[in-house]
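Residues per chain, in single letters:
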Amino acid sequence: MAEDKNFNRRSFLKASMLAGGGMALSVSWFSNAVAAVATTPGQLPDNSQAPGQWAHLNGYIHITTDNKVKLICPNPEFGQNVMTSLPMILAEELDVDWKNVSVEMGPHDNVKLGPQFTGGSNSVRMYWKPLREAGAAARQMLREAAARSWNVPVSEVTTQAGTLRHASGKSARYGEMATQAAALPVPKEVKLKTPKDFTIVRKPSRNVEGHKIVTGKPLFGLDYRQEGMLIAMIQHPPAFGMKFKSFDASETLKMPGIKEVFSLKLYEEGFEQAGFDTRTFNDLLVVVGNTTWEVMNARKKLKVQWEQAGETKDTMAGRDGKREVVVPGGLESTTVHFEKMKEYGQKPAQQLRKDGDPETAFKNAEQIVERTYNAPFLAHNCMEPMNFFAHVTDDKALLVGPLQGPGWIEPTLSKILGLPADKIEIQMTRMGGGFGRRAYGHYLTEAALISRKVKAPVKLIYTREDDMTYGIYRPMYTATYRAALDANKNLIAFQVKGGGIPEHPIHANRFPAGAVDHYLAEGWQIPSNITIGAFRAPRSNFNAAAEQSFLDEVAEAMGKDPIEFRLELLKKAKENPVGKDNDYDADRYAGVLKLVRDKSGWGKAGSEKYSRGVAAYFCHNSYAAHVVDMVTRDGKPYVERVFSAIDCGIVVNPEAAGNMVQGAVVDGIGNAFYGALTHREGAAEQRNFDTYRMIRHHEAPKMVDVHFVENDIDPTGLGEPPFPPVFGAVANALYKNTGKRHYNQPFGGRHADT
């Protein structure tokens, strides 16, 4: 990937002028569209400039004189297809021909684009209104320019597919009026389309980068190259809870292509970490050389003495305010973790929510159903290993690579490098997977510090083993669920008590909270030196597995169909809700259950050869339900078919949305059956895909039939919601297939039930 010409934030006016006229509009988190006048006051731009020259600006819509429209995409892309969906939103309100729209990934600019965070299923949801307003404002300004040029009322100027028209027969393409429109004031209020008038949004569109992906164009961080670039790798301790004591690099430095070997600290003592900073291993032992292969081989020659790190203290800042966090010392093991979680699960815990009098209800119950569910650490295992390019000098820094949240790492970089934010440029490449792992920018900071040390452009690369043993895992979790039934098999009380290492998973106000008169939710947690982080639908991916498995078991004890049982609870939550803090919409929740029931033919003839399991869950503002059909082949259970129903509001791009659900289903099946990362004396026991089991092609379902609830609700997120209920649906199908309930993940691997 050749280095693109860079434009700083102060040069956008000049850059607009170089683009040969046209109109640039800023998409801002804090305001509507803002026109950038590309000339000196009172002077129109020169249309004689060559058309088609794009100024690479941060967060701007650009219309050239030859009628092309470009959106410099603000949000990082790792496969969720925002680089297609976001310009579709713009094109819809702009009323432009989709064929004339192009998009590029923009660099980070926290002034115009805010945090530019891809995560939390927020990309389309958060840009839905700003992009619509920017497109509508541009369209209105173009109409105004045409009205002035033709000397007609603006109300008589209409648009269609990038063309302006008047009843007199006059017409012009957008590009012909773009220069004049750029000199007009931005309208303070714009009228947005109603969903019934959409012509681009809600229509399937292919990935705008699809051709580049399948033809191997340089899109990813690992593809990025710059002249004179060196390769760096870090040797970190072999176990959590350890640090290096001393090292001998004499043999390493004799290896071909090796430039330097040195140690440095990620954070100095007392450094105040932000919410997405982390320091799994603070002391970095670095090998720098000419090529990846040379550095990998030379690193093996290092002679290092390690020692236990002992207890450490971190100063953290974030949503919970400034606080001191004590990180325990010691070498931790998975077997001990499970023993501790079992012990803590029997102790008093923090009350998170209480409705009614659950203690009395359980005391008077005719029958109590109680089950405990456990899950191990999970590694993200993005297909593209962690990497980042950095070129840091005394007065500026350029960083290029795959990153989910540039706005969160820039303040940290500024403090560590001693550079003002406007001297730090972060360019984002396409990510080969993220899932929360790339929300943590320590690898970017590491690359920057290494570059500054060696005074050269550097690309830091993790091997697969580095990544899998470096932490930032999905936490270990456990939860005990209890249900109290009366003599008539009615559900009268519900309790969940959950914990984990090092956080608990409980969302106290989610279903079935609000649907049971007597309800109790509790949580506890155990500190650890094994670092954790967001993992596709944090906490929810465990909650849904445990809760939805348990609800099936309760339905069985009550003699009810599992879907009808859930619908009965949701009816109560709608008509006679308990409590005031229920964070789900009972109608939307019930809607996905009814849709998946109908589409899967649940309870109807024709599916007898399948072992069927169902699950539904709400998280990240959206609702998802799955019916999993399982069969036995060669004595083993396989998921043959999956029916999925999703309510995520308006679906901008059905093709991309369907693909995202299908990917979540496959990801969920694989993690449910096989996902597990374990430790012995602080060391990860799985270091690569030969020991960390991933789903195989032949194990993926032959069909994933995806359906979306049709409504006019603004988009509410899709990247994460389909993932959590897959676990529960698989567990419930397994029970039908094998006659055995599964309480420990993974269902088909280590720590599974035997």
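Note: the structure precedes this text.
In short, a report on the structure. (Residues numbered from 1 in each chain as written. Predicted model: local features only at pLDDT ≥ 70, side-chain atom pairs only at ≥ 80, totals over all residues. Heavy atoms only, no water.)

### So, the overall build of the protein
Defined as follows: Secondary structure is summarised from DSSP: a helix means a run of H or I of at least four residues, a strand means a run of E of at least two, and numbering begins at the N terminus for each. Here the globule rule reads 2.2 Å times residues to the power 0.38, and the radius of gyration is calculated from C-alpha atoms. For every residue, the accessible area (1.4 Å probe, protein chains only) is compared with the maximum for its type, and the residue is labelled buried under 20%, exposed over 50%, or partly exposed between those bounds. Here a residue-residue contact requires only that any non-hydrogen atoms of the pair lie within 4.5 Å. Each accessible area is a Shrake-Rupley result for a 1.4 Å probe, and residues are judged covered by the shown protein chains and nothing else. Charge counting treats Lys and Arg as positive and Asp and Glu as negative, with His and both chain ends excluded. Working definition for charges: the position is that of NZ of Lys, CZ of Arg, CG of Asp or CD of Glu.
Tallying secondary structure elements over the protein gives 17 helices and 31 strands in all. The C-alpha radius of gyration computed for the protein amounts to 28 Å, which stays within 12% of the reference 27 Å derived for 754 residues, consistent with globular compactness. Dimensions of the protein, computed from C-alpha atoms along their principal axes, come out at roughly 85 × 75 × 50 Å. Taken across its 754 residues, the protein has 58% of its residues classed as buried. Sequence-distant contacts in the protein: of pairs separated by 6 or more residues, those separated by 24 or more amount to 77%. Roughly 30,700 Å² of accessible area belongs to the protein as shown, and the carbon and sulfur atoms make up 49% of that amount. If the 91 positive side-chain charges of the protein are averaged to one point and the 86 negative ones to another, these points end up 2 Å apart.

### A few points about the sheet that holds strand β18 (residues 367-375)
Pairing between the strands of a sheet is mediated by backbone hydrogen bonds and can be parallel or antiparallel. Keep this limit in mind: Here, a strand pair is defined by DSSP locating no fewer than two bridges between the strands. To define axes, lines are fitted to C-alpha atoms, for helices over the stretch in contact only, and angles between the resulting N-to-C directions are given on a 0 to 180 degree scale.
Spatial ordering of the open sheet is given by β17-β25-β24-β23-β18, a layout of five strands whose pairing is mixed. Edge strands, defined here as strands with exactly one partner in the open sheet, are β17 (350-355) and β18. With strand direction ignored, the average angle separating the axes of adjacent strands in the sheet is 10 degrees. Relative to strand β24 (residues 491-501), strand β23 (residues 476-485) is paired through ten bridges, and the arrangement is antiparallel. In the sheet register, Thr478 faces β24, and the bridge partner there is Gly499.

### Concerning the pattern of salt bridges
Condition: A carboxyl oxygen of Asp or Glu within 4 Å of a side-chain nitrogen of Lys or Arg is what we treat as a salt bridge.
Enumeration over the complete set of coordinates arrives at 38 salt bridges. As a salt-bridge pair, Asp467 and Arg464 come within 3.7 Å of each other at their nearest N and O atoms. Pair noted here: Asp467 and Arg464 are both in helix α12 (residues 464-469), with a separation of three residues, about one helical turn. Of the residues examined, Arg464 reaches a relative accessible area of 10% and is grouped as buried. We note a salt bridge from Lys572 to Asp517, for which the minimum N-O separation is 3.2 Å. One end of the pair, Lys572, is in helix α14 (residues 562-575); the other, Asp517, is in the loop between β24 and β25 (518-525), with 55 residues separating them in the sequence. Since its relative accessible area comes to 23%, Lys572 is described here as partly exposed.

### A look at empty space enclosed by the protein
Operational definition: Buried and open spaces are told apart on a 1 Å grid over the protein atoms alone, a cavity being a set of points where a 1.4 Å probe fits but cannot get out and a pocket being an open set with protein on both sides within 12 Å along at least five of seven lines. Residues with an atom within 4 Å of a point are the lining residues. Grid points are joined across faces, edges and corners, and a volume is the space filled by probe spheres set on the points. All amino acids are sorted into three groups, where Ala, Val, Leu, Ile, Met, Phe, Trp, Tyr, Cys and Pro are nonpolar, Asp, Glu, Lys and Arg are charged, and the leftover types, Gly among them, are polar.
One pass over the full model with this rule turns up eight cavities of 30 Å³ or more. Here the largest cavity is characterised by a volume of approximately 90 Å³. Lining the largest cavity, in full, are Tyr481, Phe494, Val496, Ile506, His507, Arg510, Phe511, Pro512, Tyr519, Asn543, Glu547 and Tyr617. Going through the elements one at a time, β24 and α13 (540-558) are the ones with two or more residues in the lining of the largest cavity. Split into classes, the residues belonging to the lining of the largest cavity amount to eight nonpolar, two polar and two charged.

### Examining the sheet that holds strand β13 (residues 283-289)
Taken in spatial order, the seven strands of this open sheet run β11-β13-β9-β22-β19-β20-β21, and their pairing is mixed. The open sheet has two free edges, formed respectively by β11 (258-265) and β21 (424-428), since each of these has just one partner strand. In this sheet, adjacent strand axes meet at a mean angle of 25 degrees when their direction is disregarded. As defined by bridge partners, strand β19 (residues 387-392) adjoins strand β20 (residues 397-401) across four bridges and the pair is classed as antiparallel. Residue pairing for β20: Phe389 is matched across the bridge by Val400. Each of β9 (230-235), β11, β13 and β22 (458-461) touches helix α7 (residues 292-299); the most contacted strand, β9, lies at about 30 degrees to it. Taken strand by strand, helix α10 (residues 406-417) contacts β19, β20 and β21, and its axis lies near 145 degrees from that of β21.

### Notes on the environment of Ile492
Considering the arrangement of structural elements, one finds Ile492 in strand β24. The exposure class of Ile492 is partly exposed, given its relative accessible area of 23%. Along the chain, Ile492 and Pro358 lie 134 residues apart, while their C-alpha atoms are 8.5 Å from each other. In contact with Ile492, other than residues within four places in its own chain, are Ala361, Ala365, Ala484, Leu485, Asp486, Val516 and His518.

### Some words on the packing of α10 against helix α11 (residues 442-454)
For clarity, the cut-off: The scheme is simple: roughly parallel for angles under 35 degrees, roughly antiparallel for over 145, roughly perpendicular for 65 to 115, oblique for anything else. Each crossing is labelled by how the near helix is turned from the far one, with a counterclockwise turn of less than a right angle marking it left-handed and a clockwise turn marking it right-handed.
Running from N to C, α10 and α11 point in directions that differ by 25 degrees, and their axes come no closer than 10 Å. In terms of orientation, α10 lies roughly parallel with respect to α11. Both α10 and α11 take part in a crossing whose hand is right-handed. Contact residues: Ile409, Thr412, Leu413, Ile416 and Leu417 in α10; Leu444, Thr445, Ala448, Leu449 and Arg452 in α11. For the contact of α10 with α11, the residue count by class is seven nonpolar, two polar and one charged.

### Thoughts on α11
To keep it simple, the criterion reads: A helix is expected to reach a length of 1.5 Å times the quantity of its residues less one.
Taking 1.5 Å per residue, 13 residues should reach 18 Å; α11 reaches 18 Å between its end C-alpha atoms and fits that length. Burial of α11 is extensive: eleven of the 13 residues sit out of reach of the surface. Looking one or two residues past α11, Lys455 carries a phi angle of roughly 55 degrees, positive in sign.

### Description of α14
The following threshold applies: A 3.5 Å cut-off defines polar contacts: any pair of N or O atoms within that distance qualifies, except that in protein one atom must be a possible hydrogen donor and the other a possible acceptor, and neighbouring residues in sequence count only when both atoms are side-chain atoms.
Over its 14 residues, α14 runs 20 Å from end to end, which matches the ideal 20 Å to within 8%, given 1.5 Å per residue. Listing the buried residues of α14 in full gives Pro562, Ile563, Phe565, Arg566, Leu567, Leu569, Leu570 and Ala573. In the core, the buried residues of α14 are packed alongside β24, α13, α15 (586-600), β26 (611-619) and α17 (724-738). The opening residue of α14 is Asp561, an N-cap whose side-chain oxygen sits 3.0 Å from the backbone nitrogen of Ile563.

### Brief notes about the packing of aromatic side chains
Rule in force here: Any two of the Phe, Tyr and Trp rings considered here, Trp counted by its six-membered ring, make a pair once their centres fall within 6.5 Å; the pair's planes then place it as stacked at under 30 degrees, edge-to-face at over 60, or tilted in between.
Evaluated as defined, the whole model comprises 31 aromatic pairs. Between Tyr224 and Phe389 the ring centres are 5.0 Å apart and the planes differ by 55 degrees, which places this aromatic pair in the tilted class. Here Phe389 lies in strand β19 and Tyr224 lies in the loop between α5 (210-214) and β9, a separation of 165 residues in the sequence. Accessibility assignment for this pair places Tyr224 and Phe389 in one class, buried. Between Phe511 and Tyr584, the aromatic rings sit 5.8 Å apart at their centres with planes inclined by 85 degrees, giving edge-to-face as the arrangement.

### Points about the pairing of β25
In terms of burial, β25 is largely enclosed, as six of its eight residues are buried. Note: β17 against β25, five bridges, orientation antiparallel. Considered in β25, the bridge of Arg353 is made with Ala521. As paired elements, β24 and β25 share eight bridges and run parallel to each other. Each bridged residue has a counterpart across the sheet, and for Gly499 the counterpart in β25 is Trp524.

### Section: the nonpolar core
Inclusion rule: Nonpolar cores were defined as sets of buried Ala, Val, Leu, Ile, Met, Phe, Trp, Tyr and Cys residues, with membership established by side-chain atoms within 4.5 Å.
With 87 residues, the main nonpolar core has Leu399, Leu413, Ile450, Phe673, Phe708 and Val730 as its most contacted residues. With nine residues, helix α16 (residues 654-674) is the single largest residue contributor to this core. Excluding residues within four positions of it along the chain, Ile450 makes contact with Ala232, Ile234, Phe262, Leu264, Val286, Val288, Val458 and Leu460. Formed by 53 residues, the second largest nonpolar core is a distinct cluster that contains Leu485, Tyr519, Ala544 and Tyr617.

### Quick word on the environment of Asp581
Among the secondary structure elements, Asp581 is positioned in the loop between α14 and α15. The exposure class of Asp581 is exposed, given its relative accessible area of 53%. As for Asp581 and Gly514, which are separated by 67 residues in sequence, their C-alpha atoms are 8.1 Å apart. Not counting chain neighbours up to four residues away, the residues in contact with Asp581 comprise Arg353 and Asn509.

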